[in-house]
Number of protein chains: 4
Amino acid sequence: MDRIPKHPMGKKHMIQAGIVGFRGYSGAELFRILARHPRVTAWRMEHRADAAPELQPRHQKTAPTIMATPEAAVEAGLDVVFLATPHDVSMELTPALLEAGIRVVDLSGAFRLREPEIHKRWYGDDHSAQELLRNAVYGLPEFYRERISGARFVSNPGCYPTAANLALRPLVQSGLVDRSVPVVCDAKSGVSGAGRKASLKTSFCEAGDNFSVYSAFGHRHVPEVLQNSGLEENEFHFVAQLLPTPRGILETIYLRLREGAGKGDVLAAYDEAYRSEPFVRVYDPGQFPDLHAVQHTNFCDIGFKFEEASRMLVVVAVEDNLVKGAAGQAVQNMNLMFGFAETEGLL
Amino acid sequence: MDRIPKHPMGKKHMIQAGIVGFRGYSGAELFRILARHPRVTAWRMEHRADAAPELQPRHQKTAPTIMATPEAAVEAGLDVVFLATPHDVSMELTPALLEAGIRVVDLSGAFRLREPEIHKRWYGDDHSAQELLRNAVYGLPEFYRERISGARFVSNPGCYPTAANLALRPLVQSGLVDRSVPVVCDAKSGVSGAGRKASLKTSFCEAGDNFSVYSAFGHRHVPEVLQNSGLEENEFHFVAQLLPTPRGILETIYLRLREGAGKGDVLAAYDEAYRSEPFVRVYDPGQFPDLHAVQHTNFCDIGFKFEEASRMLVVVAVEDNLVKGAAGQAVQNMNLMFGFAETEGLL
Amino acid sequence: MDRIPKHPMGKKHMIQAGIVGFRGYSGAELFRILARHPRVTAWRMEHRADAAPELQPRHQKTAPTIMATPEAAVEAGLDVVFLATPHDVSMELTPALLEAGIRVVDLSGAFRLREPEIHKRWYGDDHSAQELLRNAVYGLPEFYRERISGARFVSNPGCYPTAANLALRPLVQSGLVDRSVPVVCDAKSGVSGAGRKASLKTSFCEAGDNFSVYSAFGHRHVPEVLQNSGLEENEFHFVAQLLPTPRGILETIYLRLREGAGKGDVLAAYDEAYRSEPFVRVYDPGQFPDLHAVQHTNFCDIGFKFEEASRMLVVVAVEDNLVKGAAGQAVQNMNLMFGFAETEGLL
Amino acid sequence: MDRIPKHPMGKKHMIQAGIVGFRGYSGAELFRILARHPRVTAWRMEHRADAAPELQPRHQKTAPTIMATPEAAVEAGLDVVFLATPHDVSMELTPALLEAGIRVVDLSGAFRLREPEIHKRWYGDDHSAQELLRNAVYGLPEFYRERISGARFVSNPGCYPTAANLALRPLVQSGLVDRSVPVVCDAKSGVSGAGRKASLKTSFCEAGDNFSVYSAFGHRHVPEVLQNSGLEENEFHFVAQLLPTPRGILETIYLRLREGAGKGDVLAAYDEAYRSEPFVRVYDPGQFPDLHAVQHTNFCDIGFKFEEASRMLVVVAVEDNLVKGAAGQAVQNMNLMFGFAETEGLL
């Protein structure tokens, strides 16, 4: 927090925040949120890899733009840089930014897995900034709030793992899950989850009026769930599918409760975990959230139903993949890093 | 087949087919298929319960229209009547039509469950035509072709059970499924599956850009799957969800293979079951069909992927809910009932 | 402004605002905006005609709810009531609310046309509150800001006329339009423009993947354009069409410029009219806004192109029908009525 | 017709038809139609410019594939080749195919404009096969049936001009149009009209939930309308817009009738033109077709409304851009070229 006192804004601190990747969907959402945030001045940072035309430039024209380099960031007096970039770009930019004394929130997958060999197994490359892997704080505030509060470097969770971990961890940690039966997560995401690039798969004519499986059992987000939910390898099975809608994730999760457990235990576990959480809402048993409940918000909503006879539990977790699944959660993390109210700019 | 020879059409028999419920989505699709069918003259039959304006009346104006009564059907010389009606209307019309010597293909759920008490448990009413329940032939040609061929009364399968039974039965019957682990079917359907009636839930503003769970563990189609797949109660868990697209069903089915079984066994089981089937297509392991592959066709396409380490299998089955899931399958059944080529009018 | 000083909130006045019709799309949007508005406490007001389940009740559960009567409004200490109701309900509630000293912003068409006989011609009924017709201030701030600022009763413009008048009035008033040639407005609206009621026309299956004309030359919004744009009867021709998207209006307007006029004159007329306007953005000649530019905002964006050889001008105006076309503009009016900053709660 | 008698198929001739560009939307639609056509064997022809993966290869796997060269076409015994290719590819392939004795139906814009200088003005390049420009028969059967019937080379009309010419020509030729007032055509097309190539503009996230103007007053299809409708330069004004739906075109056309003319004259003009046409349906005055009326069919449907006081007429013409606007019309032309029934394979 050393830099903050330099801003003599009367009763409120203001910080300077840069966004690399502001032309993508997550980056543009981040810009929209930060532009309205009462404690932040937002800067656009151009990276050599940028190509796409800006989304709604009209909205953004007043923001200053600088190059995405540590030098430019220092010169501009930035306090924090958000990296809404591919994971190789994040690996390249993060060390130099941190060294220049600038905090970093990385939205890519570069620093989410703690072990270099697990990173290599799922991402396919040797990690070029291994020494930072263990310094990165995994930015899921509902579980790691304290560590985030003091952090200079936060790795923002993946969109799917955010919902899956929020749905699963309280149940696993309370010992409610029958571990002899596989946990299945049938996940559906809106098309913006694929990022902003021209491709036939995400074209209107081919993704519209359609629904398709695009990853079965091998998605990079699986180890992020294992690392944070308490489930072990081969206990969690994940399929990712493409919904014909621009934004929103719904995960339908199936598991068996251990003998003797029932819906009251599920409710109690969620209540204990989320009673005081501003961004997680748990529904009454038998009620399920839909995408409309969370689009354009930072909420993750959770509903469930339990069938006594089979002890099967279905949990439904929804979020906006660009907000709680990316930009909104990044701002929630920033709020914690800088000592702002956690919900500032997000309600 | 007694009535057929009366049509002296030279080298081809023609039959007269009536449709009750031609204003609904399944009924309109049936009309479209029958209007092009080379062996059929299609009649529209008006029922007192009809209210909605006709879909695309311009296309249908040349078809004769009669009242939906056995007398009118006899007078018109109908050979077969399709009931695309609510299940109570089907229970009412079927006995009289059969008695009048007219064959019936019922698209409702009225006659799909063999046991009256199971019908009552899932549909909530006492069956008013119990004596016919056991006479009804369940019209899934891939499994019951012989019985359908001689039938005067066919009960057309539900949309979800068609795909689920085609995906599951070959695996269950080959003994490949580890029965100690629950089979999960995560089903998604286009909005036309809800039928053609004005409702907020299926309005453009509320179903569009959305995705929602509408039935968890308690759908009426569950007993149809149990009755035909070989799975037992509490072994099969089903959740139904609403896709923001007009038509198409995709079911993602999760199960564990018994020890020792692998993807070759799955492929062999499907190959044995569907090698000669005109309307079931099995994909190479690891390849999945999407909705575009089957919309507006009578195909059910099946893909799967097996994970060695966990023995988990995911099977994806897709169909057009209005075609293979309703009207197309009804015509496939009619073709069998009247001795026509099974694919006539359907390719 | 008499009631306002009663709120002793330190440096800021707060007002109490009620919403009748909060279950509809415009009313729910109004609720969302007011719930975040720093100067307003929002109340839900239940009317006997209400039937639909609430949209996202989870978001709204903290708001107080009272009956939609003048007595309840007085008892609750409301300063203003928004009527997001059918025009007959507005005619009934408005006089009593005003008499009880409560300001009114009416979002219906009840008080938009100044002359009772014109109202009767287009709405088909005798106006039951004729004496108020001339007291109502037409709430298009870009043209009537001064009158709105002192108003106790504002009639909020229709969605189509807002965009059409913003596009046309500066050109008509500058004398740029060749009046010998008809002005054509080809208008397209998202489905929420039809209101929130179950109907086959606005069902997902029938409005989706479709586009249709629903009103040609006879829409009730035509006289609102004539009354405010400066065009005369038979000079303006309007067709309304249904877009397969939930929200947004785009109007493509065709007219011929008078001899000697060119694109510079068009730009100058718009610049003079909108240079200082916070919610109207004029694009460079040849650039056109799309729906994404304005959805979920209170902006009306305008683009145009001029063809020298034929002197034809095409103007494209877009807005979110639920925001600048309804709820957002209503709040903009409220801000003016109560002396708040015009953009408060709207950026 | 010299080649046809060589096929000794009993009572029916069969022809061999090749498709270049079968991976695109029009080409794939053409393949679907031809694959069901009772008089045709369809061949896929690979062109070096092809890149996209095939649409639904599963459906097409049985068709033979050859290179897109005149030699391969001759060797395969092709009777006709359809070019669903960019206009420069069509200019290159057409002369050699014709010289090799193979008939050609070109779906590109290469040969639609009779005058080389007009081609250059709108397409920007010198025509490389000018000598063929005047040999090409413009394939709009409703107006040029006789010439098409004897043709070896047909240039298939553009999607927009098909609807516009069908809507306008009968009115212009009957002298009903007040030529002193501009004719305005406000056109909307589904996204498949943009062709099958990856681009941000046609991505699901950017074209979905959107509506945009993409061409105002300068579209290449304008001269095709002038050439065939009877209107002169500066009398016809055209704006093209992108609908968030995969397929379908709706054109809303505005014009003033000459003094003395009325809706009876309009009806009479259309009746005279289309009474016997199998693929043009004219609606009762005041009734308008929507996209659902024509999607997946070869129909062009026309509705209109006349306003006495202003003499303004609005005409609405709809078609499926991939069928009557491309592949269906191409097959209609082929049927005429080879003496088949005009509707064969198209109903």
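For the structure itself, look to the data block above.
We now turn to the structure provided with this report. (Residues numbered from 1 in each chain as written. Chains lettered and ligands numbered in written order. Predicted model: local features only at pLDDT ≥ 70, side-chain atom pairs only at ≥ 80, totals over all residues. Heavy atoms only, no water.)

## So, the interface of chain D and chain C
Each side of the interface is counted separately: chain D has 42 residues, and chain C has 42 residues. Carbon and sulfur atoms make up 65% of the surface buried where chain D meets chain C, a total of about 3,400 Å² over both sides. Looking at the side of chain D facing chain C, the largest losses of area belong to Phe 211, Phe 217 and Tyr 254 of chain D, adding up to 18% of the total buried there. Linking chain D with chain C are two salt bridges, by the criterion used here. The salt bridge involving Asp 186 of chain C is made with Lys 188 of chain D; its shortest N-O contact spans 3.1 Å. Where chain D meets chain C, there are 26 residue pairs in polar contact (both at pLDDT 80 or more). In the side of chain D that touches chain C, the residues fall into 22 nonpolar, 12 polar and eight charged. (Contact = heavy atoms within 4.5 Å. Buried area = accessible area lost by both parts, 1.4 Å probe. Salt bridge = Lys/Arg side-chain N within 4 Å of Asp/Glu carboxyl O. Polar contact = N/O pair within 3.5 Å; in protein donor to acceptor, adjacent residues only side chain to side chain. Nonpolar A, V, L, I, M, F, W, Y, C, P; charged D, E, K, R; others polar.)

## Some thoughts on empty space enclosed by the protein
Over the atoms rolls a probe the size of a water molecule, and in doing so it shows where empty space is left. Across all of its chains, the model carries nine cavities of 30 Å³ or more by this definition. Looking at the largest cavity, its volume works out to about 280 Å³. Every residue lining the largest cavity is counted, 20 residues in all, and those nearest its centre are Pro 244 of chain A, Pro 244 of chain B, Pro 244 of chain C together with Phe 204 and Pro 244 of chain D. Across the lining of the largest cavity, the residue classes break down as 12 nonpolar, four polar and four charged. If you add up the space inside the second largest cavity, you get close to 70 Å³. Along the walls of the second largest cavity sit 13 residues, with Pro 182 and Val 184 of chain A together with Val 181, Pro 182 and Val 184 of chain B positioned nearest its centre. Of all elements in the fold, only β11 (249-256) of chain A together with β11 (249-256) of chain B reach the threshold of two or more residues within the lining of the second largest cavity. Here the lining of the second largest cavity gets three residues from one element, more than from any other, and that element is β11 of chain B. Here the lining of the second largest cavity is composed, by residue class, of 12 nonpolar, no polar and one charged. (1 Å grid on protein atoms, 1.4 Å probe; cavity = no way out; pocket = protein on both sides within 12 Å on 5 of 7 lines; lining within 4 Å. Points joined across faces, edges and corners; volume = space filled by probe spheres on them. Helix = DSSP H or I, 4+ residues; strand = E, 2+ residues; numbered from the N terminus.)

## Remarks on the pairing of strand β2 (residues 40-46) of chain A
Walk down a regular strand and you will see the side chains alternate between the two sheet faces. Residues and elements named next belong to chain A. In terms of burial, β2 is largely enclosed, as five of its seven residues are buried. Crossover connection from strand β1 (residues 15-20) via helix α1 (residues 25-36) to parallel β2: handedness right-handed. Inspection of the sheet shows β2 paired to strand β3 (residues 65-67) by three bridges, in the parallel sense. Paired with Met 45 across the bridge in β3 is Ile 66. (Buried < 20%, exposed > 50% of the residue type's maximum accessible area, 1.4 Å probe, protein only. Right-handed = clockwise from strand over helix to strand, strands pointing away. Pairing = 2+ DSSP bridges.)

## Structural notes on the sheet that holds strand β14 (residues 312-319) of chain A
By definition, the strands of a sheet pair up through backbone hydrogen bonds, in either a parallel or an antiparallel sense. Residue and element names in this part refer to chain A. Taken in spatial order, the seven strands make up an open sheet running β9-β10-β8-β11-β14-β13-β12, and their pairing is mixed. Looking at the sheet topology across the chains shown, the edges are occupied by β9 (212-216) and β12 (280-282). If you compare each strand with its neighbour and ignore which way they point, the axes differ by 20 degrees on average. The pairing of β11 with β14 spans eight bridges and is antiparallel. Paired with Arg 256 across the strands is Met 312, a residue of β14. Strands β12, β13 (300-307) and β14 of the sheet are contacted by helix α11 (residues 263-274), whose axis makes an angle of about 165 degrees with β13. (Axes fitted to C-alpha atoms, helices over the stretch in contact; angles between N-to-C directions.)

## Let's talk about the relation of the copies chain B and chain A
The two copies are related by a screw motion: chain B maps onto chain A through a turn of 180 degrees and a shift of 0.0 Å along the axis, at an RMSD of 0.0 Å. Such a turn and shift between the copies fits a two-fold axis. An overlap of 100% is found between the interface residues of chain B and their copies at the interface of chain A, pointing to a shared contact surface. (Least-squares fit on C-alpha atoms with pLDDT ≥ 70 in both.)

## Topic: helix α8 (residues 159-173) of chain C
Residue and element names in this part refer to chain C. The end-to-end C-alpha distance of α8 is 22 Å, a good match for the 21 Å that 15 residues give at a rise of 1.5 Å each. Asn 165 marks where α8 bends most, by close to 35 degrees. The buried count for α8 comes to 14 of 15 residues, which makes it a mostly enclosed element. Remark: Gly 175 follows α8 within two positions and exhibits a positive phi of approximately 70 degrees. (Expected span 1.5 Å × (residues − 1). Bend = angle between axes of the 7 residues up to and from the residue.)

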